[in-house]
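Given next are the chains, with one letter for each unit.
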Amino acid sequence: MRKFIGMLTAVAALGLATAASAETTLRVSNWLPPSHPIVKDILVPWGEQVATATDGRVKVEIMAAPIGKPPAQFDLIKSGAADVGYGVHGYTPGRFKLTPLVEGPFLADSAEALSVAYWKVQEEMLSKAGEHDGVKLLTVFTHGPGMIYTTGKTVASVDDLAGLKMRIGGGIVAEIASRLGMVGVQAPSPQVYEILSNGVADGILFPAESVPFFRIDEVIRNGVSVPGGLYNTSFFVVMNQASWDGLSDADKAAIDGVSGEAMARMAGKAWDAADAAGTKVMTDKGVALTEADAAMTAAITEKLAGVENGFLEAAKAGGIDGAAAMEMLKAEIAAAK
């Protein structure tokens, strides 16, 4: 009998030990170098926060090799190829019709202020359109204010932009560039050094962080900013729905606590710090950085008048009051100052 009881005790102890050591690992699809701010300053600390918030029950593993190209990330996560992923909304043109809300000009000089405001509007208003249906949306955020950089020509007026071949990203920035007379050159970020150094493009529209990160501080000589930024880029972080559904309610609540607004704020802060560091690198290397004067800013404003109409139309089609969303965004940005 004693032997039998001892066996039961051992089995019970083994069961408790197994339960205590049980954990879930969320694999993050990653297509950027480990040194990029999105990885080292956003995803890595978020993963650490998840582990702490769940008392180690959920761990985050950032994959060493990409499982697909950047435009495919949303669908890869939706299909379960990985548990968590991130991407740029504008890499799939026409799919996410509401992101121009935060991609336009003159919105904010701080990625933190804009990203937090963006999340709040997304949660309260934009979510009704269901553009992220099929996944668990962890957060949205933007990079810092986009600027104009050139390899040779100094830009001091809108007229100076006419005919310049500029590398542009996705989203509303293509329309902005066209309205200002620039000729868009499409190329992924890792190829920008090559196209600029070989003269394929005369310049690039980029946030300050990205200039030294992609080594183009070695080829660009001039940069000009506008108050609030010429444009911004919208990012998402999503989780596979089945992976989310498989978590306990306690772990879901814990992850929500370090995602959403908290993650948007962390992302914005990280980008602001990276922009400041990038600006210092450019200044140290002799890149001439200026701000658009009142005349240039007024000319840009005139040429970009109505650029928000596409968002307003898409919002209406999605059953959302676009004007109210814009007002909420601006109010939240102002409140953050």
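Residues numbered from 1 in each chain as written. Predicted model: local features only at pLDDT ≥ 70, side-chain atom pairs only at ≥ 80, totals over all residues. Heavy atoms only, no water.

Caption draft 1: Spotlight on the nonpolar core. Core analysis: the biggest nonpolar cluster contains 41 residues, and Y149, L205, F206 and L230 have the highest contact counts within it. Setting aside residues up to four positions removed in sequence, L230 forms contacts with G104, P105, G146, I148, I176, L180, L205, I300 and L304. (Core = buried A, V, L, I, M, F, W, Y, C linked by side-chain atoms within 4.5 Å. Buried < 20%, exposed > 50% of the residue type's maximum accessible area, 1.4 Å probe, protein only. Contact = heavy atoms within 4.5 Å.)

Caption draft 2: Representation of the packing of aromatic side chains. What the rule picks out here adds up to nine aromatic pairs. Their ring planes at 5° and their centres at 4.9 Å tell us that F141 and F235 sit as a pair that is stacked. Linking F141 in strand β4 (residues 135-142) with F235 in strand β10 (residues 234-240), this pair joins segments that are 94 residues apart in sequence. Take F141: its relative accessible area is 2%, and that puts it in the buried class. The residue whose ring lies beneath K136 is W244, and the NZ or CZ to ring-centre distance is 4.4 Å. The ring of Y193 is capped by R215, whose NZ or CZ atom sits 4.1 Å from the centre of that ring. (Phe/Tyr/Trp six-rings, centres within 6.5 Å; stacked < 30°, edge-to-face > 60°. Helix = DSSP H or I, 4+ residues; strand = E, 2+ residues; numbered from the N terminus. Lys NZ or Arg CZ within 6 Å of the ring centre and 35° of its normal.)

Caption draft 3: Molecular detail of the pattern of salt bridges. Scanning all chains against the criterion turns up 14 salt bridges. Where E23 meets K59, a salt bridge forms, and the shortest distance between an N and an O atom there is 3.5 Å. With a gap of 36 residues between them, E23 in the loop between α1 (2-21) and β1 (24-28) and K59 in strand β2 (residues 58-62) connect regions that are remote in the sequence. We note a salt bridge from E112 to R265, for which the minimum N-O separation is 3.1 Å. With E112 in helix α5 (residues 111-124) and R265 in helix α11 (residues 260-284), this pair connects stretches of sequence that are 153 residues apart. Residue E112 is classed as buried on the basis of its relative accessible area, which comes to 19%. Here the residues in one salt-bridge network are D55, R57 and D251, joined through shared partners. (Salt bridge = Lys/Arg side-chain N within 4 Å of Asp/Glu carboxyl O.)

Caption draft 4: Structural context of the pairing of β4. The buried fraction of β4 is high, at eight of eight residues. Strand direction decides the pairing type here: β4 and β10, joined by seven bridges, are antiparallel. Within β10, the residue paired with V140 across the bridge is F236. (Pairing = 2+ DSSP bridges.)

Caption draft 5: Examining the sheet that holds strand β9 (residues 222-225) more closely. Taken in spatial order, the six strands line up as β7-β6-β8-β5-β9-β11 in an open sheet, and their pairing is mixed. The sheet is open, and its two borders are formed by β7 (183-186) and β11 (288-291), each paired with just one other strand. On average, each strand axis in the sheet is inclined to that of its neighbour by 25°, with strand direction left out of account. Of the pairings in the sheet, the one linking strand β6 (residues 165-168) to β7 comprises four bridges and is parallel in character. Following the sheet pairing, R167 is matched in β7 by V185. (Axes fitted to C-alpha atoms, helices over the stretch in contact; angles between N-to-C directions.)

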